[in-house]
Amino acid sequence: MASAPTTRPVPITVAHGDGIGPEIMAATLHILKEAGAALDIDTIEIGEKVYLRGNTAGIEDSSWESLRRTKVFLKAPITTPQGGGFKSLNVTTRKALGLYANVRPCVSYHPFVKTKHPKMDVVIVRENEEDCYAGIEYRLSTNVVQTLKLISRPGCEKICRYAFEYARRYNRKKVTCFTKDNIMKMTDGLFHKVFDEVGAGYSDIEKEHWIVDIGAAKMADTPEAFDVIVMPNLYGDILSDVAAQIAGSVGLAGSANIGEKCAMFEAIHGSAPRRAGQNLANPSGLLLGAVLMLVHIGQPEIAERVHNAWLKTMEDGVHTYDIFREGVSKEKVGTKEFGEAVVARLGKKPETLNSASYAGRPVDEAPKPVALAPRQESELVGIDAYVEWPSGVPATLASEVVKANGDGLSLTMISNRGVKVWPDGFPETFCTDSFRCRFTADGAATHAQILSLLGRIVGLGFEIVKTEYLRTYGGVPGFSLAQGQ
Ligand code: NAD
């Protein structure tokens, strides 16, 4: 029986999504209602139907109004139609609402759900707005395309601070940072540096950094060595799925997307269209996303009640097809029956698995806004000009483009896909048709010098596809050297 709501209903926006979405949302909302969650639900439509009405974003303007009003979004998975022109609603929502932190607890439920990692309890904190997901891409030549990886100091500061605050709040002992700063010294280097700076303020929490490749291998092999792991967007996207899968199943993990003003809660899996409409899908991921939501909106007692009833259901071997194992599971159930099994266990706690404990937890404090670093003076010292050069022979290109030298600027390096090919390039280096020609000044350069240089390059018959200004900040280059330079 439903217990009486203890607080005033909190407005939330709910989307039932596509594929298995409506079934798992119905089961989730049923459990929340029976557990006594005080929710004032505004239902919006997103996803396939909206896309197919010709809305390329998959969401109507009126739905944004609902999200702006409630600031809390419980979202079922959606199907993004195949073919061009449709934008990812997830990426749009995260960016439009400033949901910079994606939090995914990945826990194993040994011996009740099959896993190779019985002691796994890892929380991935993924940066959600930056990195390669800026979606800024260019074609540089007939054969070469480019994407921009953007990392900002405030972006790093917000996510690293969030990871440490999360660790403190949930009594976690260690925060690990994964980056590839041995290669991307400026972008991932900034992430690592800010992690160290922010971490210095949390003497109660252990800190460590791993290069992402070996860190990922270690996580997949020995996840119990990790606690909270914070990382840039792309690594977090990949590794949070790996973490959820090795814990037991992607069908079991929920996630929170947190911003300064809004938050979105969801399952980590997709709309599984092949399973839709058959009362088969596991609603656990969305339900655990909803548990995170209940803590976020200040109903931690209800969150605890739901989470513990769910853990007891897992323990009792009442499992949907995706985690059902002969000999381990006791009863194979459908989506609806699973929901009823959780409802029947409301008020109970697991006996073997660690029980959840959220009661008495204060409402999450809104993250503090992060200020931009004060502007640092910089000095213009040259320019990289990208040109298409189909012959692919660097020495011939150099002998032509060097003719643009003059007025204090000279050609100092040519690279291809980041590798220096002139001067002193290796004949073995494969060259595409896109070359970067670096012109530098002896000291400072002026815009007028740069513009007239570009004019001379064009005058030699080259098509300049892209330029990057070279600047130093306090004497430190604000650009990388080419590999081999
Ligand atoms: P998927 O997560 O939907 O399915 C992957 C596999 O996991 C399938 O075998 C599926 O049957 C199974 N599965 C997933 N969730 C399950 C559940 N709750 N219970 C039981 N089994 C479950 O991934 P996909 O097939 O790559 O994508 C399908 C659609 O979902 C695509 O249109 C994709 O764009 C979309 N998608 C949406 C989201 C989102 O809205 N957050 C996330 C990922 C993918």
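Residues numbered from 1 in each chain as written. Predicted model: local features only at pLDDT ≥ 70, side-chain atom pairs only at ≥ 80, totals over all residues. Heavy atoms only, no water.

What follows is about the confidence of the model for the protein. Per-residue confidence for the protein gives a mean pLDDT of 93, with 97% of residues at or over 70. Segment residues 1–5: pLDDT under 50, and nine contacts once partners within four positions in sequence are set aside and those in other chains are kept. (pLDDT = per-residue confidence, 0-100. Contact = heavy atoms within 4.5 Å.)

On the basis of which strands lie adjacent, the open sheet formed by six strands has the order β17-β16-β18-β15-β19-β20 and antiparallel pairing. Pairing within the sheet leaves two strands with one partner each, and these edge strands are β17 (419–422) and β20 (476–477). Sheet topology places strand β16 (residues 409–416) next to β17; three bridges connect them, and they run antiparallel. The residue bridging S415 from the neighbouring strand is K420, located in β17. Against the sheet, helix α12 (residues 394–401) touches β15 (378–388), β16, β17 and β18 (434–441), its axis set at about 160° to β16. (Pairing = 2+ DSSP bridges. Helix = DSSP H or I, 4+ residues; strand = E, 2+ residues; numbered from the N terminus. Axes fitted to C-alpha atoms, helices over the stretch in contact; angles between N-to-C directions.)

Along the chain, S249 turns up in the loop between α8 (233–247) and β11 (254–258). Setting aside its immediate chain neighbours within four residues, S249 contacts A244, D322 and I323.

Further remarks concern the site of the ligand. Close to the ligand lie 18 residues; N90, G270, A272, N282 and Y321 are nearest. At 3.3 Å from an oxygen atom of the ligand is found a main-chain nitrogen or oxygen belonging to T80. For the shell around the ligand, a count of residues per class yields seven nonpolar, seven polar and four charged. (Near = heavy atom within 4 Å. Polar contact = N/O pair within 3.5 Å; in protein donor to acceptor, adjacent residues only side chain to side chain. Nonpolar A, V, L, I, M, F, W, Y, C, P; charged D, E, K, R; others polar.)

A few words now on the pattern of salt bridges. Here the structure, examined in full by the defined rule, presents 26 salt bridges. A salt bridge links R345 to D316, with the nearest nitrogen and oxygen atoms 2.6 Å apart. In this pair, R345 sits in the loop between α11 (335–344) and β15 while D316 sits in the loop between α10 (300–315) and β13 (318–319), placing the two residues 29 residues apart along the sequence. Exposure remark for R345: the relative accessible area of 15% places this residue in the buried category. (Salt bridge = Lys/Arg side-chain N within 4 Å of Asp/Glu carboxyl O. Buried < 20%, exposed > 50% of the residue type's maximum accessible area, 1.4 Å probe, protein only.)

By the criterion of burial, strand β5 (residues 121–127) is predominantly enclosed, with six of the seven residues buried. Note that β5 and strand β10 (residues 228–231) share four bridges and pair parallel. In the sheet register, R126 faces β10, and the bridge partner there is M231.

Running from amino to carboxyl end, helix α1 (residues 21–35) crosses α11 at an angle of 15°, the nearest separation of the two axes being 9 Å. The angle between α1 and α11 places the two elements in the roughly parallel class. The hand of the α1/α11 crossing is right-handed. Facing α1, whose interface residues are E23, I24, A27, H30, I31 and E34, α11 presents T335, G339, E340, V342 and V343. For the contact of α1 with α11, the residue count by class is five nonpolar, three polar and three charged. (Parallel < 35°, antiparallel > 145°, perpendicular 65-115°, else oblique. Left-handed = near helix turned anticlockwise from the far one by under 90°.)

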